[in-house]
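# Coordinate inspection notes
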Amino acid sequence: MFRCVRWWKKVPTRMGFEPTRAEHNGLAVHRLNHSATSSCRSMRRSQSSLSSVQALRLKMVDSQYYLPNDIGISKLDCVEAFRLLSPQEKMYAHYLSRASWYGGLVVLLQTSPESANIFVLLQRIFRKQNPVQLEQVAVEAGLSSEEYMAFLVYASGLYANMGNYKSFGDTKFIPNLPKAKLKALVWASQAFQEQPAEMEVLWDSCSCLLYSLEDGQKQLGLGDKGITTYFSGNCTLEDAELAQRFLDSKKLSAYNTRLFKRVNGEKSSYEVRLASAVRKGQDCSQWCQRESELFINTFRIHPPFEAHKEGSRYWIKDKGPIVESYIGFIESYRDPFGSRGEFEGFVAVVNKAMSERFASLVSSAEVLLPELPWPREFEKDTFLKPDFTSLDVLTFAGSGIPAGINIPNYDDIRQSEGFKNVSLGNVLAVAYATQKEKLTFLQEEDKDLFIKWKGPSFEVQVGLHELLGHGSGKLFVQDDKGKFNFDQSKVINPETGEPVSSWYRDSETWDSKFTTIASSYEECRAECVGLYLCLNKQVLSIFGHEGQDAEDVVYINWLSMVRAGLLGLEFYTPESKSWRQAHMQARFVILRVLLEAGEGLVGLEEVTGADGKPDARITLDRSKIHTVGKNAIHRFLCKLQVCKSTADVEGGRALYDNYSAVSDSSAHNFLRLRETVLLRKEARKLFVQANTRVSGDNVELVEYEANQAGLINSFVERFQDDAEQLEADLLEMSKRDAPCWC
């Protein structure tokens, strides 16, 4: 449910919500091996005369929009961690998991207009017939084994991403089988046989958008950049900026909101919809304000943002719990404007052995922070030692699972009260496992070393990134009484040599000031901190690396970053000149910085692969990391921090946009390299998570196989207790908002 704040603005044009987009006839681009609908036939004929180079280019672009049948699927193993919990702790973990999973369904409505309907369609099919039972139905409906596998892969992808857009990259993905074949399978399913009228209506409500790849639907974005359900379809960047100014003036956060615009004549009205379990007009005063219920109140009262902030204050004081959890509207990566949070909820169990290493890093933080390349005045007045633990994930509900977390995201709390760092051990164990034959863009002599040290080096990088990256740096603020948290007369901007001349006002935050670049800029800053401080022998020793092993860890960490910068080109869209993934944009920026450093530090060349197709090779001179590399990161990191501390949006944006630019006119043809990256890309892994089930006084862990069937079955069983009501609620909410998407 959503509670609304409305205000008005005069505008010269446009009348109300535009009608819902007319039904599409399916896929609008060339496919590798088939056409989605007959409407594509003329396009295929016109493309038959394309040169082989043009055809290859189309195929490379097209492969972004479906998941391959051989996509990796891994199980998040938490058996041992769960076994060691007490009965009470298991029960606690069970109910927190249920809250997370049910809340996570909101992400369907935060992702795309059709995601909720597709989810319900799949749930109804698989509730009646599991993937094994449905296979024979598929054969009889005329699907090949590859086509049926493509359907299972699509379903797995939708569940794992909580929608039909990739959580990492924000690109739409569609089924890799003809629309007619998928329809035949739906019509042959038991769910359709039992309720043909309802299933046909459900199919009609989502099947066209399910396959559509019109330009405005290929990726998430605002206005002509793509599709988003954080804003109604007629909202523009200017509307988002206006709304942010209004919210700032009222000291309201955008984290748990969506923005909807209506035009009537020369006036526009805006609704700020607040996520709430309270129906419109319902009295909210009955809920108490006790500390134990602050997170509950987050979803009940207005303004819920304040309840979540207050709950976060108590949460950061809860040091070293055996069962750790956090829930709410947290990360703003997928809001095109950068200030609205996507729902997530996680429940995890502490890995005590690994947590000891992170505790040692926390203890060393006060020694390490002064090594960062900005003046002392630009660092927090006091380092508030956070909780830093390694966790094995039991439940992570949302659109994706990260490797590490630094929360809460409220800058005022992180700066003056504290935060927590989390490394997700069982995610790290499987997410970055690499097969030698799938390693791209490296020299052969680097591959074995890369495989050996990728995991350990990433563990070091995650620790530094979360604790001393996101946990470092001061924001200069003037509060509503005019008081400054820094000495205006003494603090000098090291980039200009002049006194600091800009800062944040009381109601302004990092996200509200830097908006569209805030997430990626901050990830870049944290990644640079990791690269910079991993050169410290004390840090390497904390993680158990000495001598030559320590040098190998440094080399592979830096090489991984350079390679990731090249791989990041997959997440750039030339048509809109926009980036779709904050971390990968950050890594590309770092690649540009290291290439600019020169002196042979980093090499990047285009070559022809053994298969005769375009390829690329990256090199890193390990002898120059501690000199040329360190100096380059030192200079860049200082600039990033100074702009952030001083709220210098203009300077920060100019700096970041310059390094983010992807063109064919620089020393390296990054647009052409992007095509090579797309040609040789590997799909991101999907994760299968366990469920928990109450049996008498005990809680059992229910595991699933690491394949498509296992992932699908886990979601069907996750919501089986009240499936029909839940599905009806999702469809009702989706239908209610349908007129809002132009």
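Since this is a predicted model, take the numbers as computed values, not measurements.

With that settled, the discussion passes to the overall build of the chain. Per the secondary structure count, the chain includes 28 helices and 18 strands. Taking all 742 residues of the chain together, 58% fall into the buried category. Once local pairs closer than 6 in sequence are excluded, the contacts in the chain between residues at least 24 apart make up 76%. Only carbon and sulfur atoms are counted for the fraction: they give 49% of the accessible area of the chain, which is about 30,400 Å².

Scanning the model with the defined rule gives eight cavities of 30 Å³ or more in all. In this structure, the largest cavity occupies an estimated 70 Å³ of space. If one sorts the elements of the lining of the largest cavity by residue count, helix α17 (residues 411–416) sits on top with three residues. Of the residues belonging to the lining of the largest cavity, the class tally is one nonpolar, four polar and five charged.

In the structure shown here, the tally under the stated rule is 32 aromatic pairs. One Lys or Arg, Lys420, reaches over the ring of Trp315 and ends 4.4 Å from the middle of that ring. Its end group placed over the ring of Tyr555, Arg622 keeps NZ or CZ at 4.5 Å from the ring centre.

Moving on, we come to the UniProt feature "active site" (unreviewed entry) in the chain. Under the UniProt annotation, the feature "active site" (unreviewed entry) is placed at Glu466. Here Glu466 lies in helix α19 (residues 444–469). With a relative accessible area of 7%, Glu466 lands in the buried category. Apart from residues no more than four positions distant in its own chain, Glu466 is found in contact with Phe388, Gly404, Ile405, Asn406, Asn421 and Gly471.

Below, the discussion takes up the side chain of Ser189. Considering the arrangement of structural elements, one finds Ser189 in the loop between α9 (179–188) and α10 (190–194). Given a relative accessible area of 0%, Ser189 falls into the buried group. Separated by 2.7 Å, the side chain of Ser189 and the backbone oxygen of Val186 make a polar contact.

What follows covers the pairing of strand β6 (residues 342–350). Within β6, nine of the nine residues are buried, which leaves the element mostly enclosed by the surrounding structure. Bridge analysis of strand β5 (residues 323–331) against β6 gives eight bridges, and the strand direction is antiparallel. If you follow Tyr326 over to β6, its bridge partner there is Phe346. In this structure, β6 lies alongside strand β7 (residues 387–397), joined through six bridges in antiparallel fashion. The residue of β7 that forms the bridge with Val350 is Leu391.

Inspection of the entire model under this criterion finds 41 salt bridges. With its nearest N and O atoms 3.7 Å apart, the salt bridge here joins Lys75 to Glu703. Here Lys75 is found in strand β2 (residues 73–75), whereas its partner Glu703 is found in the loop between β18 (698–702) and α27 (708–718), with 628 residues between them in sequence. Of the residues examined, Lys75 reaches a relative accessible area of 33% and is grouped as partly exposed. One salt bridge in this structure joins Asp615 and Arg680, with 3.6 Å as the shortest N-O distance. Of the two residues, Asp615 is situated in strand β15 (residues 614–620) and Arg680 in the loop between α26 (670–679) and β16 (686–688); the sequence distance between them amounts to 65 residues. Exposure remark for Asp615: the relative accessible area of 8% places this residue in the buried category.

Another point: the packing of helix α20 (residues 510–533) against helix α23 (residues 582–597). Angle between the axes and distance between the axes are the two parameters that describe a pair of packed helices. Packing of α20 against α23 leaves a shortest axis separation of 8 Å and a crossing angle of 55°. When the axis of α20 is compared with that of α23, the two are oblique. The way α20 lies across α23 gives a crossing that is right-handed. Here α20 contributes Ser519, Ser520, Glu523, Cys524, Glu527, Cys528 and Leu531 to the contact with α23, which in turn contributes Ala582, His583, Gln585, Ala586, Arg587, Val589 and Ile590. When the residues that make up the contact of α20 with α23 are grouped by side-chain class, the tally is seven nonpolar, four polar and three charged.

Residues annotated in UniProt with the feature "binding site: Zn(2+)" (unreviewed entry) correspond here to His465, His470 and Glu523. Despite a sequence span of 59 residues, these residues sit close together in the fold, their greatest C-alpha distance being 8.4 Å. Taken from the residues named earlier, the lining of the largest cavity is made up of His470. Take His465: it is sitting in helix α19. His465 sits in the buried class, given a relative accessible area of 6%. The residues contacting His465, other than those within four sequence positions of it, are His470, Glu523, Ala526 and Glu527. Following the sequence through the fold, Glu523 ends up in helix α20.

Rules used in this analysis
Position labels on residues start from 1 in each chain and follow its written sequence. In view of the model being predicted, local features appear only for residues whose pLDDT reaches at least 70, and side-chain atom pairs are presented and counted only at 80 or more, with totals across whole chains, interfaces and linings using the full set of residues. For side-chain calculations, the full set of non-hydrogen atoms in the structure is used, while hydrogens and water are omitted. Secondary structure elements are taken from DSSP: a helix is a run of H or I of four residues or more, a strand is a run of E of two residues or more, and numbering for both begins at the N terminus. Exposure categories follow from relative accessible area, calculated using a 1.4 Å probe and restricted to protein chains: below 20% of the type maximum is buried, above 50% is exposed, and the middle band is partly exposed. Throughout, a residue-residue contact means that at least one pair of heavy atoms, one from each residue, lies within 4.5 Å. Residue burial considers only the protein chains on display, and all accessible areas are found by Shrake-Rupley using a 1.4 Å probe. A pocket here means an open set of points on a 1 Å grid, computed over the protein atoms alone, that has protein on both sides within 12 Å along at least five of seven lines. A cavity is instead a set of points where a 1.4 Å probe fits but cannot get out; residues with an atom within 4 Å of a point line either one. Grid points are joined across faces, edges and corners, and a volume is the space filled by probe spheres set on the points. Amino acid classes used here: Ala, Val, Leu, Ile, Met, Phe, Trp, Tyr, Cys and Pro are nonpolar; Asp, Glu, Lys and Arg are charged; the rest, including Gly, are polar. In summary, the pairing rule links any two rings of Phe, Tyr or Trp, Trp by its six-membered ring, whose centres are within 6.5 Å, and it sorts them by plane angle into stacked for under 30 degrees, edge-to-face for over 60 and tilted for everything else. Working rule: Lys NZ or Arg CZ, within 6 Å of ring centre, within 35 degrees of ring normal, means a charge sits over the ring. UniProt positions are given in the numbering used here, feature names are shortened, and annotations may be inferred rather than shown by experiment. Polar contact is defined as a pair of N or O atoms within 3.5 Å, subject to the rule that within protein one atom must be able to donate a hydrogen and the other to accept it, and that residues adjacent in sequence are counted only when both atoms are side-chain atoms. The rule for pairing is simple: two strands pair if DSSP sees at least two bridges between them. The salt bridge criterion pairs a side-chain nitrogen of Lys or Arg with a carboxyl oxygen of Asp or Glu, the two atoms within 4 Å. Lines are fitted to the C-alpha atoms to define the axes, a helix being fitted only along its stretch in contact, and any angle between axes, read from their N-to-C directions, falls within 0 to 180 degrees. The cut-offs work like this: below 35 degrees is roughly parallel, past 145 is roughly antiparallel, 65 to 115 is roughly perpendicular, and the gaps in between are oblique. Two helices crossing with the near one rotated counterclockwise from the far one by less than a right angle form a left-handed crossing, whereas a clockwise rotation gives a right-handed crossing.

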